[in-house]
Amino acid sequence: MIVCKFGGSSVADAKQIKKVKAIVEADPKRQIVIVSAPGKRDKDDEKVTDMLYACNALAQQGLTCKPVFKKIADRYTSILEGLGIEKKPFVAVLEEVRQMIDAGHGAEYAASRGEYLSARMIAAYLGWDFLDADPYIVINPDGTVHEQSYENLRKVLKKDRKYIVPGFYGCDIEGKVKTFSRGGSDITGAILSSAADAESYENWTDVSGVYSVDPRLVDDAKVIKTMTYRELRELAGVGANVFHEEAIAPVIAAQIPINVKNTNAPADMGTMIVNERTSETTPLAGVSAKKGYSRITLRKLMLFKQSGTRHALLTMLHVFGIRPSFSLFGVDSIVWFFETSQASESVLKAMCTRLASEFSLDAIEVDHNHAIVGVVGEGVMDHRDLIAKVVGALDRESISLNFLNFGASETSLLLGVHADKTQDAVIALYNALF
Ligand code: ASP
């Protein structure tokens, strides 16, 4: 049994949904299909989910969402017409959704309706069962999946049926509609794959797999044929953006392979994401980078003399809303990198004053415009020449390194560069290493 998830671009209009039908009907093993809300048809188009958030914003100001909702309703009706589905029952459902948003049911309810309507419509088109997500998928307050969800789904799924399931939402422990973070239909697909014990989880999108480098930067960017769950996590951690980074968790324990495939080119093999791969011939999977980091540096003679100092410093950072992403420790110093968006200048100033006085620091400094570049691959630790190549490639382009972190994960080499040099660094490293 195969679970398929189709993203927003795969269900953006009737033409795309016809491709979905051809794909799922080509293999009888494709029995559970998760769908997103209609995404962009071209680069200037709007995503239905974004419009639903806009509807909710109007409702929260006490205004009616009618003008924005009209665009959503038109979008669905044009899809219904294109697919030749009877419009009348859907028009009533659309009106009901509009009234609920206007009645103030909130952002999560509003946003979830994109997937809900999409799934109902596609179920009608394919003649499959519509299985709503919200009584079964339970989402914890921190956004993680409640264990009970798997049992709930196992009880309801029948082996000889075919299901269309809306992605992106479930319910909270009280049964109220709750969404995952943006792009969360990937997580729904992973949950269903695990609950149904699928032999594979096909993630259908508009590119032919995960690229080893951002194809907007490098013309001959290649699709990665096989990569591990760890490599995907590491690449996502440094900004690569194809598959939701939290969607690995439900499939990793059951070791269900994920196949990222292209709805517009279904014959392409795509990328297989598996538990293990041999790294001898292809030590590296990809290179990616993420901007928007700031750095805090603390110095004090004998800083770590007292036990618990690191912990106390981190607790203080947390009080000011800072959760560092990367750290470096020296004999008498600590450096933390954190996402700049986590705190304003005034919050940072207050935090530095407090840290300096409570810990009697010799120096404390915050600076911005950092980027983290990651060279990711299962073989990163085994190829000693790699570091030389990395440093050489950056040196040739006169790119200075702020730090080099080799070994923490054993699957990635992390480098700190100035944000202005992010793209140059990625291109230089790709050309030198791949
Ligand atoms: N429709 C949601 C979003 O735009 C979820 C998804 O597409 O996975 O984020």
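Conventions adopted
- Residues numbered from 1 in each chain as written.
- Predicted model: local features only at pLDDT ≥ 70, side-chain atom pairs only at ≥ 80, totals over all residues.
- Heavy atoms only, no water.
- Helix = DSSP H or I, 4+ residues; strand = E, 2+ residues; numbered from the N terminus.
- Rg over C-alpha atoms; globule rule 2.2 N^0.38 Å.
- Buried < 20%, exposed > 50% of the residue type's maximum accessible area, 1.4 Å probe, protein only.
- Contact = heavy atoms within 4.5 Å.
- Areas by Shrake-Rupley, 256 points an atom, 1.4 Å probe, with all protein chains shown as cover.
- Lys, Arg positive; Asp, Glu negative; His and termini not counted.
- Charge placed at Lys NZ, Arg CZ, Asp CG, Glu CD.
- Core = buried A, V, L, I, M, F, W, Y, C linked by side-chain atoms within 4.5 Å.
- Salt bridge = Lys/Arg side-chain N within 4 Å of Asp/Glu carboxyl O.
- Pairing = 2+ DSSP bridges.
- Axes fitted to C-alpha atoms, helices over the stretch in contact; angles between N-to-C directions.
- Near = heavy atom within 4 Å.
- Polar contact = N/O pair within 3.5 Å; in protein donor to acceptor, adjacent residues only side chain to side chain.
- Nonpolar A, V, L, I, M, F, W, Y, C, P; charged D, E, K, R; others polar.
- Parallel < 35°, antiparallel > 145°, perpendicular 65-115°, else oblique.

Asker: Give me the overall build of the protein chain: which residues, what numbers.
Answerer: The secondary structure content of the protein chain amounts to 13 helices and 16 strands. At 24 Å, the protein chain has a C-alpha radius of gyration in line with the 22 Å of a compact globule built from 434 residues. Projected onto its principal axes, the C-alpha coordinates of the protein chain cover approximately 75 × 55 × 40 Å. Looking at the protein chain as a whole, 51% of its 434 residues are labelled buried. Of all intrachain contacts in the protein chain linking residues separated by at least 6 positions in sequence, the fraction that spans at least 24 positions is 74%. Split by element, the accessible area of the protein chain, about 20100 Å² in all, is 50% carbon and sulfur. A gap of 2 Å separates the mean positions of the 50 positive and 55 negative side-chain charges of the protein chain.

Asker: Describe the nonpolar core, and please don't skip the residues or the numbers.
Answerer: One finds F6, F69, I101, I164, L192 and I258 to be the most contacted residues of the largest nonpolar core, which totals 85 residues. When residues of this core are assigned to their parent elements, the largest contribution, 10 residues, is made by helix α5 (residues 107-126). Contact partners of L192, with chain neighbours within four places excluded, come to V3, I32, I34, I137, L153, L157 and V165. By size, the runner-up hydrophobic cluster in this structure holds 22 residues, among which are A371, V373, V390 and V417.

Asker: So, the pattern of salt bridges: which residues are in play, and what are the values?
Answerer: Counted by the stated rule, this structure contains 24 salt bridges. Linking E151 and R154 is a salt bridge whose minimum nitrogen-to-oxygen distance equals 3.5 Å. Of this pair, E151 and R154 both sit in helix α6 (residues 148-156), three residues apart, which is roughly one turn of the helix. Several salt bridges share partner residues, and in doing so they unite R41, D45 and R75 into one network.

Asker: With reference to specific residues and values, describe the sheet that holds strand β13 (residues 333-339).
Answerer: With respect to topology, six strands assemble into an open sheet ordered β12-β13-β11-β14-β16-β15, the strand pairing being antiparallel. Lying at the two open borders of the sheet, with one neighbouring strand each, are β12 (326-329) and β15 (403-406). Geometrically, the sheet is characterised by an average inter-axis angle of 25° between neighbouring strands, direction not taken into account. Two elements, strand β11 (residues 286-299) and strand β14 (residues 363-376), share 11 bridges in a ladder whose sense is antiparallel.

Asker: Would you mind going over the site of the ligand in detail, with residue names and values included?
Answerer: Near the ligand, the surroundings consist of S36, T49, E115, F168, R182, G183, G184 and S185. At a separation of 2.9 Å, an oxygen atom of the ligand approaches a polar side-chain atom of S185. Protein chains shield 91% of the accessible area of the ligand, which is 260 Å² for the free molecule. Within the shell around the ligand, the residues separate by chemical class into one nonpolar, five polar and two charged.

Asker: How would you explain the packing of helix α4 (residues 88-102) against α5 if you had to name every residue and give the values?
Answerer: Here α4 crosses α5 at 170°, and the two axes come no closer than 11 Å. Judged by the angle between their axes, α4 and α5 are roughly antiparallel. Here α4 contributes F90, V93, L94, V97, M100 and I101 to the contact with α5, which in turn contributes Y109, A110, R113, Y116, L117, R120, M121 and A124. Here the contact of α4 with α5 is composed, by residue class, of 12 nonpolar, no polar and two charged.

Asker: Could you give an account of the environment of R233, naming the residues involved and the relevant values?
Answerer: Within the secondary structure layout, R233 lies in helix α8 (residues 229-237). A relative accessible area of 40% places R233 in the partly exposed class. When near neighbours in sequence (up to four residues on either side) are disregarded, R233 contacts E245, E246 and I248.

Asker: Could you give an account of the sheet that holds strand β2 (residues 30-35), naming the residues involved and the relevant values?
Answerer: Taken in spatial order, the eight strands line up as β3-β4-β2-β1-β7-β9-β10-β8 in an open sheet, and their pairing is mixed. A strand with exactly one partner marks an edge of an open sheet, and here the two such strands are β3 (129-130) and β8 (226-228). As paired strands, strand β1 (residues 2-6) and strand β7 (residues 200-205) are joined by five bridges and run parallel to one another. Looking at the pairing, K5 lines up with N203 of β7. Contacting β2, β3 and β4 (163-166), α5 crosses the sheet at an angle of about 165° to β4.

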